Amino acid sequence: MPEDRQEARRIIAELARAVDRRLAVEVRELPGADRLQLILTHGSHHAQIELPLTGVLATTDNAIARNELRLRLKRATDTMLFKPMPDHRLTVKAVPPPGGHTTFRSPRGRR
């Protein structure tokens with residue numbers, strides 16, 4: 001059983017490195033359950049996800065399951081790092097025209 005948990009930690013570390021090299025992963029075992037809690041850290045950003053131990057161990061033989069687990073880690077990382085676009089409609093300011101002229105037309109004709 002401890003070998004399974006070590007194997008799961010190794011798999012999670014490999015997949016986290018495949019998602020982002022700067023992504024730090026802390027793996028905790030949940031008491032009374034066959035689940036692992038992952039704490040993802042990227043700079044000052046943090047996220048948590050839980051994974052079943054059997055699901056992680058199933059990725060050793062199955063490439064599709066491994067990719068699905070990688071996508072779950074990537075989704076959590078992308079959600080953690082997401083910065084929403086500022087709402088441009090909140091602050092609308094009048095911008096003076098280029099050149100500092102306040103009239104619409106440029107002066108033409110004789111001087």
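Residues numbered from 1 in each chain as written. Predicted model: local features only at pLDDT ≥ 70, side-chain atom pairs only at ≥ 80, totals over all residues. Heavy atoms only, no water.

Asker: When you look at the packing of helix 1 (residues 2-19) against helix 3 (residues 63-81) in this model, what are you seeing that I'm missing?
Answerer: A pair of packed helices is captured by two measures, namely the crossing angle of their axes and the spacing between those axes. It is at 9 Å that the axes of helix 1 and helix 3 come closest, and there the two elements cross at 60 degrees. Put simply, helix 1 runs oblique to helix 3. The hand of the helix 1/helix 3 crossing is right-handed. Where helix 1 abuts helix 3, its residues I11, I12, E14, L15, A16, A18 and V19 lie against R66, L69, R70, L73, K74 and T77. (Axes fitted to C-alpha atoms, helices over the stretch in contact; angles between N-to-C directions. Helix = DSSP H or I, 4+ residues; strand = E, 2+ residues; numbered from the N terminus. Parallel < 35°, antiparallel > 145°, perpendicular 65-115°, else oblique. Left-handed = near helix turned anticlockwise from the far one by under 90°. Contact = heavy atoms within 4.5 Å.)

Asker: Help me out: how do you make sense of the nonpolar core in this one?
Answerer: Nonpolar side chains in soluble globular proteins tend to be buried together. If you look at the biggest cluster of nonpolar residues, it comprises 20 residues, and the most contacted ones within it are L38, L40, V56 and L73. Looking at this core, the elements with two or more residues in it are helix 1, strand 2 (35-42), strand 3 (45-52), helix 2 (53-57) and helix 3. In this structure, L73 is in contact with I12, L15, A16, V19, L38, L40 and I49, ignoring residues within four places of it in sequence. (Core = buried A, V, L, I, M, F, W, Y, C linked by side-chain atoms within 4.5 Å. Buried < 20%, exposed > 50% of the residue type's maximum accessible area, 1.4 Å probe, protein only.)

Asker: Is there a simple way to explain helix 3 in this structure?
Answerer: Residues separated by three or four positions in an α-helix point in the same direction, a consequence of the helix having 3.6 residues per turn. Here helix 3 is 19 residues long and its end C-alpha atoms lie 27 Å apart, about the 27 Å a rise of 1.5 Å per residue gives. Among the residues making up helix 3, those that are buried are A65, L69, L73, A76, T77 and M80. Buried residues along helix 3 cover an arc of 120 degrees about the axis, so they all sit on one side. Residues A63, I64, R75 and T79 are exposed on helix 3 and point more than 90 degrees away from its buried face. Each element contacted by the buried residues of helix 3 is listed here: helix 1, strand 2, strand 3 and helix 2. Its side-chain oxygen 3.1 Å from the backbone nitrogen of I64, N62 forms the N-cap of helix 3. (Expected span 1.5 Å × (residues − 1). Arc of directions from axis to C-beta. Polar contact = N/O pair within 3.5 Å; in protein donor to acceptor, adjacent residues only side chain to side chain.)

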